[in-house]
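Residue-level structural notes
Next come the chains, spelled out residue by residue.
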Amino acid sequence: MKARTKFLIGGALVIGTAGYLAASAIKDTGVYYLTPGELSAKTTSDPTFYNTGVKVGARVVNGSIVRDPGGREVSFKMTDGAQTYNVVYRGITPDTFTDGVDVVVEGRLGRDNTFRATTLLAKCASRYENAPDKYKSTPGYKKAEQKVASS
């Protein structure tokens, strides 16, 4: 066999292996981005979707934040107006995390319908862009927006 043929076969194997590893890494680390209503529909239609890594964009329900006395754990409710979930997060919360703020949480929804977040991001309207249009049409967004405007 010629050296050139061996080189081409070896190169094809290396490129094929690298492509396979990249594709499998993307599949393993890819995360869905949903609203609570979309997450509810997804788990209803596919019960195996519980405990799948997702990012959820929602609004914190006013008066629902409960901080652990140790300060490392916080629980709250998030909603898009159509669906509400309890969230448990262990870690340091952002300075902008308060009642009625838009949040993005990353984690897994358990079968007990409690979302266990590993990442918590809080948005501040004065610092960030407006919410995407798909959130502005939800009842929870409109209700929270009215409360913020009346404050």
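Scroll up for the structure.
Residues numbered from 1 in each chain as written. Predicted model: local features only at pLDDT ≥ 70, side-chain atom pairs only at ≥ 80, totals over all residues. Heavy atoms only, no water.

If you tally the helices and strands in the chain, you get four helices and seven strands. Reading the helices (α) and strands (β) of the chain from amino to carboxyl end gives α-β-α-β-β-β-β-β-β-α-α. When burial is assessed residue by residue, the chain has 31% of its 151 residues classed as buried. Looking at the chain alone, contacts between residues at least 24 apart form 51% of all its contacts between residues at least 6 apart. With the model as given, the accessible surface of the chain reaches about 9,800 Å², and the carbon-plus-sulfur share is 55%. (Helix = DSSP H or I, 4+ residues; strand = E, 2+ residues; numbered from the N terminus. Buried < 20%, exposed > 50% of the residue type's maximum accessible area, 1.4 Å probe, protein only. Contact = heavy atoms within 4.5 Å. Areas by Shrake-Rupley, 256 points an atom, 1.4 Å probe, with all protein chains shown as cover.)

Okay, the packing of aromatic side chains next. Counted under the stated rule, the structure contains one aromatic pair. Relative to F97, the ring of F76 has its centre 5.0 Å away and its plane inclined at 65°; by these criteria the two rings are edge-to-face. Taken together, the positions of F76 in strand β4 (residues 73-79) and F97 in the loop between β5 (84-90) and β6 (102-109) put the pair 21 residues apart, joining distant regions of the chain. The same class applies to F76 and to F97, which are both buried. (Phe/Tyr/Trp six-rings, centres within 6.5 Å; stacked < 30°, edge-to-face > 60°.)

Here we come to the nonpolar core. If you look at the biggest cluster of nonpolar residues, it comprises 23 residues, and the most contacted ones within it are L39, F76, M78, F97, V103, V105 and F115. Residue assignment for this core shows that the elements contributing at least two residues are β2 (54-60), β4, β5, β6 and β7 (114-122). When near neighbours in sequence (up to four residues on either side) are disregarded, L39 contacts L34, F49, V54, V56, Y85, L109 and F115. (Core = buried A, V, L, I, M, F, W, Y, C linked by side-chain atoms within 4.5 Å.)

Attention shifts here to unusual backbone geometry. Excluding glycine, most residues fall at negative phi; most peptide bonds, likewise, are trans. Although it is not a glycine, N51 sits at a positive phi angle of roughly 60°. By secondary structure assignment, the location of N51 is in the loop between α2 (36-45) and β2. Located in the positive-phi region is N113, a residue other than glycine, with phi close to 60°. Its place among the elements puts N113 in the loop between β6 and β7.

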